[in-house]
Amino acid sequence: SEVIDIRVKDNEKIKIENLELTSIYTPGHTDCSYSFLMKDRIFTGDTLLINGTGRTDFQNGSSQDQYYSLFKKILTLPEKTLVYPAHDYKGNKVSTIENEKKNNPRLQVSSVQEYIEIMNNLNLSNPNMMDIAVPANIKGLTLEQI
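Residues numbered from 1 in each chain as written. Predicted model: local features only at pLDDT ≥ 70, side-chain atom pairs only at ≥ 80, totals over all residues. Heavy atoms only, no water.

1. Re the sheet that holds strand β7 (residues 82-85)
Pairing is mixed across the open sheet formed by six strands, whose spatial order is β1-β2-β3-β4-β7-β8. Edge positions in the open sheet fall to β1 (13-16) and β8 (95-96), since each of these has one partner strand only. Pairing analysis gives four bridges linking β1 to strand β2 (residues 19-25), with the strands arranged antiparallel. Following the sheet pairing, I14 is matched in β2 by L21. (Pairing = 2+ DSSP bridges. Helix = DSSP H or I, 4+ residues; strand = E, 2+ residues; numbered from the N terminus.)

2. So, the packing of helix α1 (residues 63-72) against helix α3 (residues 112-120)
Relative to each other, α1 and α3 sit at 125°, their axes nearing to 9 Å. On the basis of their axis angle, the class for α1 and α3 is oblique. Where α1 crosses over α3, the handedness of that crossing is right-handed. Only V112, Y115, I116, M119 and N120 of α3 make contact with α1, whose side of the interface consists of S63, Q64, Q66, Y67, Y68 and L70. When its residues are assigned to classes, the contact of α1 with α3 shows seven nonpolar, four polar and no charged. (Axes fitted to C-alpha atoms, helices over the stretch in contact; angles between N-to-C directions. Parallel < 35°, antiparallel > 145°, perpendicular 65-115°, else oblique. Left-handed = near helix turned anticlockwise from the far one by under 90°. Contact = heavy atoms within 4.5 Å. Nonpolar A, V, L, I, M, F, W, Y, C, P; charged D, E, K, R; others polar.)

3. A word on unusual backbone geometry
Backbone geometry at K39 places phi at a positive 55°, although glycine is not the residue there. According to the relative accessible area criterion, K39 is exposed, its value standing at 81%. (Buried < 20%, exposed > 50% of the residue type's maximum accessible area, 1.4 Å probe, protein only.)

4. Topic: the pairing of β2
Between β1 and β2, which pair antiparallel in sequence order, lie two residues; one of them, E17, sits at a positive phi of approximately 50°. When β2 meets strand β3 (residues 34-38), the two strands line up antiparallel, connected through four bridges. Its bridge partner lying in β3, I24 is registered against S35.

What follows is the structure, given as structure tokens:
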């Protein structure tokens, strides 16, 4: 199988056939996290989830960086913007900026310090196969190549 890498910068326009995306550098979950805006929707990867946010405790993650990615970039988009995270949650595949602002428990904070405190106290266990998945992510390997 072929691997296609496209290196992007913050606020870069990416054209793929008849689609146009704008890359938005949103570090926090990792130090190289990006979200991609396409007209009325944003693909947030693991930065903004439905009723949650991506963990920041490995792969050079940073709760402070994630706070600024969320509150200074993603959440400044129009409220009707559709949010597509990298995973579905309890069957939910899409949300909106408005819904996340109102209902996402991790966004109900009044300061970066409060957000960092929440993230530092999640006490999450390591994901399954983390010791295999993280090096594979860094090398850009697929599951079949591991």
